[in-house]
Amino acid sequence: MEESLNLIETFAEFKEFKNIERETLMRILEDVFRSALTKKYGPDAKFEVIVNVDRGDLEIQRTREIVEDDEVENEFTQISLSEAIKIEPDFEVGEEVMENIRLADFARREILALRQNLITKIMEYEKDLVYKKYEHRIGELVTGEVNQVWRKEILITDEEGVELVLPKSEQIPADRYKKGDTLTAVVLRVDVHSSTPLIVISRTSPLFLERLLENEIVEINDGLITIKNVVRVPGERAKVLVESFDDRIDPVGACVGMKGSRIHSVVHELHDESIDVINYTSNIELLITRALNPAKISSIEINEESKTANVYMKQDQVSLAIGKGGNNIKLASKLCGYDIDVFRDDVVEEEDVDLDEFKDEFDEWIIEAFKKIGCDTAKSVLAIERNELIQRTDLEDETVDEVLASIKKELDIE
């Protein structure tokens, strides 16, 4: 019958296309048919299911006990002597009869139910297989092909066709992908939605940068250099704390390489994210000093109980310590585990003020106009005559007057 053929074709389909071991497929098939046979013939019926995955078919043998003609109580477990001798004339009461059950003996509805149950079991097994595989790959790099690009996420398929999801929140801001592109990320977590595993990957996780460095820097991969901590503002800046177990190896130099040659591919993968590699030390003052590089520190006050650090530096170093968008000081704080506050040296405050301090009052392009003529501080502006400032900066008279007034007020000059 047509349904029987479809069922056998289903066996062959699973054998050929599904990533399932032969023994596992046999067990699933046996379980599915035993369940169907129990439902059709009752729980006491005895069956042997023989699956031939290679040929894509199976044999079902039912065993029944031979009893006297008037003693049949359960036709599914017993057969009358008169019926048994029709199969084999030498049969006697008390013996067992084995009969083949054909797929043609099943009704159309039963065949369809069998096929659907088989498909369901196979899918459940595959989901479980995917979950277990990626559950043990959390924190590892994975590469796949972009299958779909949506507004909130990207769907990727790995080399085995498993679907991975890269949410918008786990994408580097500069990431731009289209269907067919190859994408590398780190396995972040494995969720389960409606019994289906959802593998979430990330390109913004510090683990992603850590794994990239392990792949590129042989000393890290060999265990000669260890990564103590990684903090990131994805696509902008990152700080990596490293330590060498061999005094002959400079961990920073080994990671960066000559003119950044060894770390170049990692920076490129992260869309030119600036990576600061810092040599670890247990001296917290020295560690904070290294973490705030390139700013030069005058002195540090450490509070161990509150895990805070007050850092003092010259005026022209403050902006360097804070960094673009405050990223440098934020990352330094996370890297060291201390809340870092930056203060200008009192002496410097009395002497002069960096022109960038006035960005809250004036647009950046105005400040830049003064910087272009060599005026980086408040006093350097006051050192030039008003008319010369107007001519050299090419700013409006009113604008220059406003800047001068603000500077004098800041320096408490009448």
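The structure presented is a predicted model; accordingly, all values stated were derived computationally and were not measured.

Caption draft 1: Main features of the overall build of the protein chain. In terms of regular secondary structure, the protein chain is built from 16 helices and 15 strands. A compact globule built from 414 residues would reach a C-alpha radius of gyration of about 22 Å, whereas the protein chain, at 37 Å, exceeds it by more than 25%. On the principal axes, the C-alpha backbone points of the protein chain span a range of 125 × 50 × 40 Å. A burial count over the protein chain gives 43% of its 414 residues as buried. The contacts in the protein chain between residues at least 6 apart in sequence include a share of 57% that link residues at least 24 apart. With the model as given, the accessible surface of the protein chain reaches about 23800 Å², and the carbon-plus-sulfur share is 45%. Each charge class in the protein chain was averaged separately, 53 positive and 92 negative side chains, and the resulting centres sit 3 Å apart.

Caption draft 2: Inspection of the pattern of salt bridges at higher detail. Counted according to the given criterion, the structure contains 24 salt bridges. Its salt-bridge partner being Lys-228, residue Glu-243 comes within 3.6 Å of it at the nearest N-O pair. With Glu-243 in strand E11 (residues 237-244) and Lys-228 in strand E10 (residues 225-233), this pair connects stretches of sequence that are 15 residues apart. One salt bridge in this structure joins Glu-364 and Lys-359, with 3.9 Å as the shortest N-O distance. Of the residues examined, Glu-364 reaches a relative accessible area of 48% and is grouped as partly exposed. What emerges from the salt-bridge pattern is a single network uniting Asp-356, Lys-359, Glu-364 and Lys-371.

Caption draft 3: Structural context of the sheet that holds strand E12 (residues 274-279). Ordered in space as E10-E11-E12, the three strands form an open sheet in which the pairing is mixed. Either end of the sheet is taken by a strand with one partner, and the two such strands are E10 and E12. Geometrically, the sheet is characterised by an average inter-axis angle of 20° between neighbouring strands, direction not taken into account. Direction of pairing for E10 relative to E11: antiparallel, over a ladder of eight bridges. Its bridge partner lying in E11, Arg-232 is registered against Ala-238. The strands that helix H9 (residues 284-291) touches are E11 and E12; relative to E12, the one it contacts most, it runs at about 160°.

Caption draft 4: Main features of the confidence of the model for the protein chain. When pLDDT is averaged across the protein chain, the result is 85; 91% of the residues are at 70 or more. In the model, residues 1-6 has pLDDT below 50 throughout and makes ten contacts with residues more than four positions away in sequence or in other chains.

Caption draft 5: Region of interest: the pairing of strand E9 (residues 196-202). For E9, a buried count of five out of seven residues is recorded, marking the element as mostly surrounded by other parts of the structure. Pairing geometry for strand E7 (residues 163-167) and E9, over two bridges, is parallel. Following the sheet pairing, Leu-164 is matched in E9 by Ile-199. Connecting strand E8 (residues 182-193) to the antiparallel partner E9 that follows it, the hairpin turn spans two residues, and Ser-194 within it adopts a positive phi of roughly 55°.

Caption draft 6: Focus on the packing of aromatic side chains. Counted under the stated rule, the structure contains one aromatic pair. The ring of Tyr-280 carries Lys-228 above its face, with NZ or CZ at 4.7 Å from the centroid.

Caption draft 7: Structural detail: the sheet that holds strand E5 (residues 141-149). Strand order in the closed barrel formed by five strands is E5-E6-E7-E9-E8, and the pairing between neighbours is mixed. Put simply, the sheet's adjacent strands are angled 50° from each other on average, direction ignored. Sitting on the sheet, helix H4 (residues 108-135) is in contact with E5, E7, E8 and E9, with an inclination near 30° to E9. In the packing of helix H5 (residues 206-216) onto the sheet, contacts are made with E5, E8 and E9, and the angle to E8 comes to roughly 135°.

Caption draft 8: Structural view of unusual backbone geometry. Note the cis peptide between Asn-293 and Pro-294, where omega equals 15°. With respect to the secondary-structure elements, Pro-294 resides in the loop between H9 and strand E13 (299-303). Positive phi values are uncommon outside glycine, yet Asp-272 reaches one of about 65°. You can see Asp-272 is positioned in the loop between helix H8 (264-269) and E12. Using a relative accessible area of 61% as the deciding quantity, one classes Asp-272 as exposed.

Caption draft 9: Geometry of the packing of helix H10 (residues 315-322) against helix H11 (residues 327-336). For the pair H10 and H11, the least separation of the axes is 5 Å and the interaxial angle reads 65°. When the interaxial angle is binned, H10 and H11 end up roughly perpendicular. Listed contacts from H11 to Leu-320, Ala-321 and Ile-322 of H10 are Asn-327, Asn-328 and Ile-329.

Caption draft 10: Local environment of the packing of H9 against H11. Their axes nearest at 9 Å, the elements H9 and H11 cross at an angle of 150°. One finds that H9 runs roughly antiparallel with respect to H11. The way H9 lies across H11 gives a crossing that is right-handed. Between H9 and H11, the contacting residues are Ile-284, Leu-287, Ile-288 and Ala-291 on the first element and Asn-328, Ala-332, Leu-335 and Cys-336 on the second. Tallied by class, residues from the contact of H9 with H11 come to seven nonpolar, one polar and no charged.

Caption draft 11: Expanded view of the side chain of Thr-281. By the element assignment, Thr-281 lies in the loop between E12 and H9. In this structure the side chain of Thr-281 is engaged in a polar contact, spanning 3.1 Å, whose partner is the backbone nitrogen of Asn-283.

The rules we used
- Residues numbered from 1 in each chain as written.
- Predicted model: local features only at pLDDT ≥ 70, side-chain atom pairs only at ≥ 80, totals over all residues.
- Heavy atoms only, no water.
- Helix = DSSP H or I, 4+ residues; strand = E, 2+ residues; numbered from the N terminus.
- Rg over C-alpha atoms; globule rule 2.2 N^0.38 Å.
- Buried < 20%, exposed > 50% of the residue type's maximum accessible area, 1.4 Å probe, protein only.
- Contact = heavy atoms within 4.5 Å.
- Areas by Shrake-Rupley, 256 points an atom, 1.4 Å probe, with all protein chains shown as cover.
- Lys, Arg positive; Asp, Glu negative; His and termini not counted.
- Charge placed at Lys NZ, Arg CZ, Asp CG, Glu CD.
- Salt bridge = Lys/Arg side-chain N within 4 Å of Asp/Glu carboxyl O.
- Pairing = 2+ DSSP bridges.
- Axes fitted to C-alpha atoms, helices over the stretch in contact; angles between N-to-C directions.
- pLDDT = per-residue confidence, 0-100.
- Phe/Tyr/Trp six-rings, centres within 6.5 Å; stacked < 30°, edge-to-face > 60°.
- Lys NZ or Arg CZ within 6 Å of the ring centre and 35° of its normal.
- Parallel < 35°, antiparallel > 145°, perpendicular 65-115°, else oblique.
- Left-handed = near helix turned anticlockwise from the far one by under 90°.
- Nonpolar A, V, L, I, M, F, W, Y, C, P; charged D, E, K, R; others polar.
- Polar contact = N/O pair within 3.5 Å; in protein donor to acceptor, adjacent residues only side chain to side chain.

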